[in-house]
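Structural description and commentary
So you can see what is in the structure, the chains are spelled out below.
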Amino acid sequence: MSRSAVAGRRGLTQAAGSLRARAASVWVSRYLSLAAIIDVACAFLAGVIAYEIRYHARIDPPDVYLALTFALPPLWWAAVALSGGYDGRIVGTGADEFHRILRAGVSLTACVAIFSYAAKLDLARGYVVLALPSLTALDMLARYALRKRLHRQRRLGICTRRAVVVGPARTVTELITVLGRDNSHGLSIVAACVPGGRRRRAEIAGVPVSGGMDSVTAAVHHFRADTVAVVNCAQMDSVRLRELSWALEGTGTDLCVAPALIDLAGPRTTIRPVAGLPLVHLDYAKLTGPQRIVKGIFDRTLAASALLLLSPLLLAIAAAIHFSDGGPVLFRQLRIGKDGRPFHVYKFRSMVIDAEARKADLETSNEVNGVLFKIRRDPRLTPLGRWMRRWSIDEVPQLINVLRGEMSMVGPRPWAALPYEKAAREGDHVPRRLAVKPGLTGLWQVSGRANLPWEESVRLDLRYVEHWSLALDLQIMSKTARAVIRGTGAY
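Residues numbered from 1 in each chain as written. Predicted model: local features only at pLDDT ≥ 70, side-chain atom pairs only at ≥ 80, totals over all residues. Heavy atoms only, no water.

For the coordinates displayed, the defined rule picks out 15 salt bridges. Here arginine 389 and aspartate 394 are joined by a salt bridge, their closest N and O atoms 3.4 Å apart. Exposure remark for arginine 389: the relative accessible area of 19% places this residue in the buried category. Its relative accessible area of 2% is what places aspartate 394 among the buried residues. Between arginine 404 and glutamate 406 there is a salt bridge, with the nearest N and O atoms lying 3.3 Å from each other. Relative accessible area serves as the criterion here: at 48%, arginine 404 is assigned to the partly exposed category. Each of Asp39, Glu97 and Arg143 takes part in salt bridges that share partners, so that together they form one network. (Salt bridge = Lys/Arg side-chain N within 4 Å of Asp/Glu carboxyl O. Buried < 20%, exposed > 50% of the residue type's maximum accessible area, 1.4 Å probe, protein only.)

Structure below.
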């Protein structure tokens, strides 16, 4: 083939890639444009609210604050833009979008304070205190609603990126499995390129194999992909990765590299250049320190407040349980807590009095793979107990365990003694999951509960331990109410 033909073919490939890139960026541009409109609207609304509250009763309010109200929207737009709030790479991914909005709010407040001091402006603190914090909170709520709208569209297959994943079959399978758990991330795997290519297999985890390491650009063109994800792969060394980036240059195709840290990514990983090499540093999980003390105080304060607030309802439920069959109100079960220490967990009794004696006859009806025992329509449940299970009311007495310091409001699944012993024998990373206190709720609670396979429950427990933070606890607690209302996996 002549040099001009090769150049022409490369030009056609780049042109096709550019068309794919423009098509993929349309929804990103629309999202960011809508976000900018929402930001400006929130700024104007916050300014009007602050102006009305501060000067509503005055007959002749100062004109300077009316001018500030109209100046606030462009100032806020500029602050968000300078904080990276309109970067397409953060669209719908993680909490980075909210962090940048918060950074914009803090930066704008600081700039207004410094400018007022330098120019000796006598700005009313009441107006500033009302306008800027309320603007930040209002815009974060609006961005949250916009992000949820994007997630709903992605579940319908809209606003997604088409990706070709490159790497060994085992790692590619793991990545496809992780991405398949939730499609709100917007990355759709359309093809895979593995060592050996189609000679070894036709597909991996339902995704077609499109050849080996030398077939990546052809796969991108054939499957109309706009992203290439390279996972931990010895065959794709630095030279071949650089050559791949050259081949994709000008096509508008994003190239990303996923290290072998699928469940350890996030704030614990940082890229630090050492002698020109971009090394990924992995920080240790925060299992002790001041944040843990704050978490303990927060847990006990919230548990005491909830018990006091819910005491009339709890007394009514206790009376209903007792008068239904005359049995005990509370059910105590031995559980394994932090560092393997046993404790008794408290629940409202939701089963008949001789439930444990009947368990042996129902072993063949177990619907959960692994070391747990669950039956969707357990005949041992009482009518009142079935209702309590549906709304997770039987778990409320565990607030007593939180108050006693045996459990936390958020944490891994609390382990019963026998499943703990079985999992320990099978080497199921039990000690690591017991590095923190078990939780009244957790990632397993907001991700499907009893509907989750055993391996997924294990992964979620480990993920919480590795990524724990106060912000994550608050996020899980905010999702718990929605999980309880839906009732998914509650049986």
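Back to the write-up after that little detour.
This model, assessed by the stated rule, comprises 2 cavities of 30 Å³ or more. Approximately 30 Å³ is the volume attributed to the second largest cavity. Lining the second largest cavity are Ile321, Ser324, Asp325, Arg349, Thr382, Leu384, Gly385 and Met388. Those elements giving two or more residues to the lining of the second largest cavity turn out to be helix 8 (290-325) and helix 10 (383-390). Across the lining of the second largest cavity, the residue classes tally to 3 nonpolar, 3 polar and 2 charged. (1 Å grid on protein atoms, 1.4 Å probe; cavity = no way out; pocket = protein on both sides within 12 Å on 5 of 7 lines; lining within 4 Å. Points joined across faces, edges and corners; volume = space filled by probe spheres on them. Helix = DSSP H or I, 4+ residues; strand = E, 2+ residues; numbered from the N terminus. Nonpolar A, V, L, I, M, F, W, Y, C, P; charged D, E, K, R; others polar.)

As a further point, take the sheet that holds strand 12 (residues 415-416). The strand order across the open sheet formed by 3 strands is 10-9-12, and the pairing between neighbours is antiparallel. Strand pairing shows two members of the sheet lacking a second neighbour, strand 10 (342-348) and strand 12, which therefore form its edges. In the sheet, strand 9 (residues 330-336) pairs with strand 10 via 7 bridges, with the strands oriented antiparallel. Bridge pairing in strand 10 links arginine 335 to phenylalanine 343. (Pairing = 2+ DSSP bridges.)

Judged by pairing direction, the sheet is parallel, and its 4 strands sit side by side in the order 2-1-5-6 without closing on themselves. Each end of this open sheet is capped by a strand with a single partner; those strands are strand 2 (187-193) and strand 6 (254-258). Adjacent strand axes in the sheet meet at a mean angle of 30 degrees when their direction is disregarded. Sitting on the sheet, helix 5 (residues 169-180) is in contact with strand 1 (161-166), strand 2 and strand 5 (227-231), with an inclination near 165 degrees to strand 2. Contacts from helix 7 (residues 238-248) reach strand 5 and strand 6, with the element oriented near 155 degrees to strand 6. (Axes fitted to C-alpha atoms, helices over the stretch in contact; angles between N-to-C directions. Contact = heavy atoms within 4.5 Å.)

Moving on, we get to the nonpolar core. Of all hydrophobic cores here, the largest spans 29 residues; its most connected members are Ile317, Phe348, Met388, Leu399, Met409, Tyr464 and Ile476. Broken down by element, the residue count for this core peaks at 6 residues, all from helix 8. Core analysis: the second largest hydrophobic core is formed by 23 residues, Ala46, Ala50, Ala104 and Ala124 among them. (Core = buried A, V, L, I, M, F, W, Y, C linked by side-chain atoms within 4.5 Å.)

Attention shifts here to the environment of aspartate 325. Of note, aspartate 325 is situated in helix 8. For aspartate 325, a relative accessible area of 34% puts it in the partly exposed group. Through-space distance from the C-alpha of aspartate 325 to that of isoleucine 353 is 8.4 Å; in sequence the pair is 28 residues apart. Side-chain polar atoms of aspartate 325 contact the backbone nitrogen of glycine 327, separated by 3.0 Å. Only 2.7 Å separates the side chain of aspartate 325 from the side chain of arginine 349, close enough to count as a polar contact. (Polar contact = N/O pair within 3.5 Å; in protein donor to acceptor, adjacent residues only side chain to side chain.)

Turning our eyes to something else, we now look at the confidence of the model for the chain. For the chain, mean pLDDT is 80; residues scoring 70 or higher make up 81% of the total. Mean pLDDT across the elements of the chain bottoms out in helix 12 (residues 417-425) (57) and peaks in helix 11 (residues 398-403) (95). With pLDDT under 50 throughout, residues 1-19 is counted as low confidence; its partners more than four residues away or in other chains account for 11 contacts. (pLDDT = per-residue confidence, 0-100.)

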